[in-house]
Amino acid sequence: MLSENIQAFRKAKGLSQEELAARLHVVRQTISKWEKGLSVPDAGMLIRLAEALDTTVSALLGEEPPPEMEPLSPAELARRLEQLNEQMAARAERSRKRWRWFFCLLGLLAVWALAGQLLGLWTSFRFEQAVAASESMIGGADGPTSLYVSWFAGGWAAVLLPAAAGLAAAVGLWYTRRR
């Protein structure tokens, strides 16, 4: 609500994000974050923002009081901003947990794929030893024939892809850890 109101009042006033940022002595990216709902201004900045947009803090918060009511007190304003910050923190935590689960599953799939490839390498190595130790595996019309079967499919791409996925999972888990 606050993010939409900031953008609506800014556009109604005919200001770009850069112009509003210059009036408030912040960078344009700060205005962008406020309008996207990624962060909220603190109480003092919210008052300055309302003044720059020629409106009230209550209007920015989406709660225009009836004419007989007085404007929000600084304590009430701080309480409402604290609620908004708590909601945003909860949303960010849920997102962090979702990404962490995704990276855990990606890591498990990578380990499973690498284990399968290593099993295939070991199996083919053991099979080559068995072929070398015997005179013939299969007899054909033209003499002994060796049959080669391997679980190692896909060449190096089959090893590099799970390894890259495992590395991506490790990096993702590192960046989504609780700090």
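See the structure shown above.
Quick summary incoming for the structure in this document. (Residues numbered from 1 in each chain as written. Predicted model: local features only at pLDDT ≥ 70, side-chain atom pairs only at ≥ 80, totals over all residues. Heavy atoms only, no water.)

All right, on to the overall build of the chain then. Helix and strand counts for the chain come out as 7 helices and 2 strands. Tracing the chain from N to C terminus, the helices and strands come up as α-α-α-α-α-α-β-β-α. The burial tally for the chain puts 26% of its 179 residues in the buried class. For the chain, the share of sequence-separated contacts (at least 6 apart) that also reach a separation of at least 24 residues comes to 60%. Total accessible area on the chain stands at roughly 12,400 Å², and carbon and sulfur atoms take up 63% of it. (Helix = DSSP H or I, 4+ residues; strand = E, 2+ residues; numbered from the N terminus. Buried < 20%, exposed > 50% of the residue type's maximum accessible area, 1.4 Å probe, protein only. Contact = heavy atoms within 4.5 Å. Areas by Shrake-Rupley, 256 points an atom, 1.4 Å probe, with all protein chains shown as cover.)

This part is about the side chain of glutamine 17. Examined against the element boundaries, glutamine 17 turns out to sit in helix 2 (residues 17-24). A distance of 2.7 Å separates a polar atom in the side chain of glutamine 17 from a polar atom in the side chain of glutamate 35. Apart from residues lying up to four places away in sequence, glutamine 17 is in contact with Arg10, Arg28, Ile31, Ser32 and Glu35. (Polar contact = N/O pair within 3.5 Å; in protein donor to acceptor, adjacent residues only side chain to side chain.)

Among the nonpolar cores identified, the biggest contains 21 residues, and Leu2, Leu20, Leu24, Trp34, Leu46, Leu49 and Leu60 are the most heavily contacted of them. Only helix 1 (2-13), helix 2, helix 3 (28-36), helix 4 (43-52), helix 5 (57-60) and helix 6 (74-133) provide two or more residues apiece to this core. For this core, the element with the highest residue contribution is helix 4, accounting for 5 residues. Those residues within four positions of tryptophan 34 in sequence are excluded, and the remaining contacts are Ser3, Ile6, Leu24, Ser39, Val40, Pro41, Met45 and Leu49. (Core = buried A, V, L, I, M, F, W, Y, C linked by side-chain atoms within 4.5 Å.)

Moving on, we come to the packing of aromatic side chains. Within the structure shown, the criterion is met by 3 aromatic pairs. Aromatic side chains tryptophan 99 and phenylalanine 102 sit 5.7 Å apart centroid to centroid with 90° between the ring planes, which places their arrangement in the edge-to-face category. With tryptophan 99 and phenylalanine 102 both in helix 6, this residue pair falls 3 residues apart, about one helical turn. Here tryptophan 99 falls in the partly exposed class, since its relative accessible area comes to 45%. Judged by its relative accessible area of 43%, phenylalanine 102 falls in the partly exposed class. An angle of 65° between the planes, with centres 5.3 Å apart, marks the rings of phenylalanine 102 and phenylalanine 103 as edge-to-face. By relative accessible area, which is 14% here, phenylalanine 103 ends up buried. Within the aromatic cluster, the residues linked to one another by ring pairs are Trp99, Phe102 and Phe103. Lying across the ring of tryptophan 174, arginine 177 places its NZ or CZ 3.8 Å from the centre. (Phe/Tyr/Trp six-rings, centres within 6.5 Å; stacked < 30°, edge-to-face > 60°. Lys NZ or Arg CZ within 6 Å of the ring centre and 35° of its normal.)

The volume enclosed by the largest pocket comes to roughly 310 Å³. Breaking the lining of the largest pocket down by element, the ones donating at least two residues are helix 1 and helix 6. A breakdown of the residues in the lining of the largest pocket according to their chemical character gives 9 nonpolar, 5 polar and 3 charged. (1 Å grid on protein atoms, 1.4 Å probe; cavity = no way out; pocket = protein on both sides within 12 Å on 5 of 7 lines; lining within 4 Å. Points joined across faces, edges and corners; volume = space filled by probe spheres on them. Nonpolar A, V, L, I, M, F, W, Y, C, P; charged D, E, K, R; others polar.)

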